[in-house]
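# Breakdown of the fold
As a plain string of letters, each chain reads:
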Amino acid sequence: MTTGLPPIDRRPLRRRRWRAAGVQLACVAVSLFMAVPIALITLAAFSSRDSIDAYPKTLIPRQFSTETLSSFFHATGTFPALGNSVLVGLYTVFWSLLIGAPAGYALARYAFRGKDAYRLFVLLVRALPIVVLSVPLATMFLHLRLDDTVLAVTLVHTVLALPTTVLITAGIFVAVPADLEEAAQVFGCNRRQAAWQVVVPLALPGLAAAAIFTFVLSWNEILGATLVTLGHRTLPAQVLTALGEASTPYRFAGGFALIVPALVFILVMRRYLLNMWGTTLR
Amino acid sequence: MTLRARTPWLLLLPSIVLLLALFGWPLAQAVVQAFRGGHGLTVGNFSRLFHDPYFLPALRNTILLIVIVVPIQLILAIAMTLLVQARPRFLAGHFYLWCLPLAISELAAGLVWLSVFGNRGYLNSLLIRLGLAHDGVQWLGYRHTWTMLLAVVIAEVWRATSLVFVIVVAGAQLIPRDYDEAAQVFGANPWQRLRHVTLPLLAPSLQVALILRTILALQAFAVAQALTGRDFPLLVGETYQWYSNLQNPAVASAVSLVVLAISLITAALYLRTVRAPEEAR
């Protein structure tokens, strides 16, 4: 017995499946493009000197070795440079938050004349190429006898990070409801107490994100750090200046050492990335 | 002035002072230094620069790099955004990988791709194992300008597409889904929806991404430095050379002013051309 129903048209369903498969395939392709180079340099960093020199290389590792990495870390200057990088990063975070967060708070909470002018000024600083500032700053530090110090690099990085810090923290403070602050004032806090005891704790996760972001900015900055230092280089500056005479294993180990914090950073920051870039860049 | 009106300026003051001292003043210094000679004003630094055999190739390479890299990144980032919006499986994993290069420095990216493109690198190894090449290709050989450009382009696309991607995704999330659904109801095909609905609404994000990426691409130098040394000169790399190796801050300032001029011109161009359709809408 046949029913009166027409046969089911499976084409739309099939088209949908094909589309989903295509999307998945494209995603995997992009992911491979992003991941394979990182896998390769990791492989290179954990290979022995012999297998780095071997040619043609095997793409599947035979044995692991920490020889390359340990010789990189035992090279002259690597450890002090690593220390300088961390120090400069922490100082930069401290100063740019100390100076930038109040400015961000002012932008978020007050309406005042000149607000747009200030915003424009900050954006202008952000949009200018660093290189224009690096050379005169290097000369200026030379005159002030500040050259080749951690302080000099910190100043350069702080001024680079400051515009972003101001804009990001403004976004963070806007997200904290003003009602809570007013409520605190009703219960007898003055403005400063309300800001310190109510707003700052609520904004803390966002501020932490901004801090990590600033740290990475400082960790990755090369040109400024290279120009203002000679003996007290940060790690990227150290690797850059050593490139000329460095051996291949040194380069690969250096590249890997510079990448590791990035892996951790993005893992921690995944949730904040979109908010940070989305709200601050408009 | 009342206390209330003064507070915001008190909060802004430290940042203004610092930015003026470490930004306004050096900027003025850069201009002065670039034009100062032994006896008063001079364009000698610039003429010295223009007669340097590395300068014109550096200028050409920098502009080539921008012209090639920025459009690729923009298209790739839009495609990646559309993929994210299609909600594939394992989205979180893919997203993590796609954002990874965001935190990777130029120098590290250059070194990563050096392991691939080096004479005894992974790419040549692969080619030999597949029987596609007898002895490998000298990708980074100093006479092979085009393969060097290719290597630098791939490294830059790899490193900096993430930034465009994050900006575009953030912009796309602000667009209400209703618009797209309405177009669907009225029978628009996917291409029409992309062309007439999604892209116009993304225009502000795309503009920001374009300006930011162009200015950052102008500053590229460590990628090329790590891959090729000075064989593939770029403008900022030349600044570094003039300052560090040739010990001539005046010419270094002159190069940096060239970079500044190009960034200002491109930013102004973008602001004019990308804003225009928005007003017409």
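Residues numbered from 1 in each chain as written. Chains lettered and ligands numbered in written order. Predicted model: local features only at pLDDT ≥ 70, side-chain atom pairs only at ≥ 80, totals over all residues. Heavy atoms only, no water.

### Some details on the overall build of chain A
From N to C terminus, chain A includes 12 helices and zero strands. The C-alpha radius of gyration of chain A comes to 26 Å, more than 25% above the 19 Å expected for a compact globule of 282 residues. For the C-alpha atoms alone, the extent of chain A along its principal axes is close to 85 × 70 × 35 Å. Looking at chain A alone, contacts between residues at least 24 apart form 72% of all its contacts between residues at least 6 apart. Accessible surface for chain A amounts to roughly 14,100 Å². Of this, 66% is attributable to carbon and sulfur atoms. Each charge sign in chain A was given a centre, from 23 positive and 12 negative side chains, and these centres are 14 Å apart. (Helix = DSSP H or I, 4+ residues; strand = E, 2+ residues; numbered from the N terminus. Rg over C-alpha atoms; globule rule 2.2 N^0.38 Å. Contact = heavy atoms within 4.5 Å. Areas by Shrake-Rupley, 256 points an atom, 1.4 Å probe, with all protein chains shown as cover. Lys, Arg positive; Asp, Glu negative; His and termini not counted. Charge placed at Lys NZ, Arg CZ, Asp CG, Glu CD.)

### Some remarks on the packing of helix α5 (residues 106-117) of chain B against helix α6 (residues 122-129) of chain B
Residues and elements named next belong to chain B. Two elements in contact, α5 and α6, have axes whose closest approach is 4 Å; the angle formed by their N-to-C orientations is 25°. Relative to α6, α5 is oriented roughly parallel. Of the residues in α6, those in contact with Ser115, Val116 and Phe117 of α5 are Tyr122, Leu123 and Asn124. Of the residues belonging to the contact of α5 with α6, the class tally is four nonpolar, two polar and no charged. (Axes fitted to C-alpha atoms, helices over the stretch in contact; angles between N-to-C directions. Parallel < 35°, antiparallel > 145°, perpendicular 65-115°, else oblique. Nonpolar A, V, L, I, M, F, W, Y, C, P; charged D, E, K, R; others polar.)

### Description of the interface of chain A and chain B
Contacts between the two partners involve 84 residues from chain A and, on the opposite side, 94 residues from chain B. At the boundary of chain A with chain B, the tally comes to zero salt bridges. Viewed at the interface, chain B and chain A are joined by nine residue pairs in polar contact (both at pLDDT 80 or more). In terms of residue class, the side of chain A that touches chain B is made up of 64 nonpolar, 12 polar and eight charged. (Salt bridge = Lys/Arg side-chain N within 4 Å of Asp/Glu carboxyl O. Polar contact = N/O pair within 3.5 Å; in protein donor to acceptor, adjacent residues only side chain to side chain.)

### Some points on the pattern of salt bridges
Residue and element names in this part refer to chain B. Applying the stated rule across the entire model yields six salt bridges over all chains. A salt bridge links Glu238 to Arg230, with the nearest nitrogen and oxygen atoms 2.8 Å apart. With a relative accessible area of 2%, Glu238 lands in the buried category. Here the residues in one salt-bridge network are Glu156, Arg159 and Arg213, joined through shared partners. (Buried < 20%, exposed > 50% of the residue type's maximum accessible area, 1.4 Å probe, protein only.)

### Structural notes on the packing of aromatic side chains
Residues and elements named next belong to chain B. A complete count under the given rule lists 18 aromatic pairs over all chains for this structure. Relative to Phe165, the ring of Trp98 has its centre 5.5 Å away and its plane inclined at 70°; by these criteria the two rings are edge-to-face. Here Trp98, found in helix α4 (residues 91-99), pairs with Phe165, found in helix α7 (residues 145-173); they are 67 residues apart in sequence, far enough to count as distant. Assigned by exposure class, Trp98 and Phe165 land together as buried. Over the aromatic face of Tyr54 sits the side chain of Arg230, whose NZ or CZ is 3.6 Å from the ring centroid. (Phe/Tyr/Trp six-rings, centres within 6.5 Å; stacked < 30°, edge-to-face > 60°. Lys NZ or Arg CZ within 6 Å of the ring centre and 35° of its normal.)

### Points about the confidence of the model for chain A
Looking at chain A as a whole, its pLDDT mean stands at 82, while 95% of the residues score no less than 70. Across residues 278-282 of chain A the pLDDT falls below 50, and counting only partners more than four positions away or on other chains, this stretch makes 12 contacts in the model. (pLDDT = per-residue confidence, 0-100.)

### What to know about the side chain of Asn84 of chain A
Residue and element names in this part refer to chain A. With respect to the helices, strands and loops of the structure, Asn84 is situated in helix α4 (residues 78-109). Residue class for Asn84 comes out buried when judged on its relative accessible area of 11%. A distance of 3.0 Å separates a polar side-chain atom of Asn84 from the backbone oxygen of Arg233. Residues within four places of Asn84 in sequence aside, it is in contact with Val150, His232, Arg233 and Thr234.

### Things to note about unusual backbone geometry
All names here are of chain B. Here the phi dihedral of Arg87 falls at roughly 50°; this positive angle occurs in a residue that is not glycine. On the secondary structure map, Arg87 appears in the loop between α3 (55-85) and α4. For Phe90, which is not a glycine, the phi torsion comes out positive at approximately 55°. Tracing the backbone shows Phe90 in the loop between α3 and α4. Under the relative-accessibility criterion, Phe90 is labelled exposed at 62%.

### Comments concerning the environment of Val166 of chain B
Mapped onto the secondary structure, Val166 of chain B falls in helix α7. C-alpha of Val166 of chain B to C-alpha of Met80 of chain B: the two residues are 86 residues apart in sequence and 9.8 Å apart in space.

### Some remarks on helix α11 (residues 235-245) of chain B
Counting buried residues along α11 of chain B, nine of its 11 residues qualify, which places the element largely inside the surrounding structure. Gln247 of chain B lies just past α11 of chain B and shows a positive phi near 55°.

### Section: the nonpolar core
All names here are of chain B. Trp98, Leu107, Phe165, Leu227 and Leu235 are the most contacted members of the largest nonpolar core, which totals 178 residues. When residues of this core are assigned to their parent elements, the largest contribution, 16 residues, is made by α7. Excluding residues that lie within four positions of it along the chain, Leu235 makes contacts with Phe55, Ala58, Leu59, Thr62, Val255, Val258, Val259 and Ile262. (Core = buried A, V, L, I, M, F, W, Y, C linked by side-chain atoms within 4.5 Å.)

### Things to note about the environment of Thr158 of chain A
Here Thr158 of chain A shows up in helix α7 (residues 150-175). For the pair Thr158 of chain A and Trp95 of chain A, spaced 63 residues apart in sequence, the C-alpha separation works out to 6.6 Å. With near-sequence residues (within four places) excluded, Thr158 of chain A lies in contact with Thr92, Trp95 and Ser96 of chain A together with Leu18 of chain B.

### Examining the packing of α5 of chain B against α7 of chain B
Residues and elements named next belong to chain B. Between α5 and α7, the least distance of the axes is 10 Å, while the angle of their chain directions is 130°. When the interaxial angle is binned, α5 and α7 end up oblique. The chirality of how α5 crosses α7 is right-handed. Across from Glu106, Ala109, Val112, Trp113 and Phe117 in α5, the residues of α7 making contact are Ala151, Ile154, Ala155, Glu156, Trp158 and Arg159. Partitioning the contact of α5 with α7 into residue classes produces eight nonpolar, no polar and three charged. (Left-handed = near helix turned anticlockwise from the far one by under 90°.)

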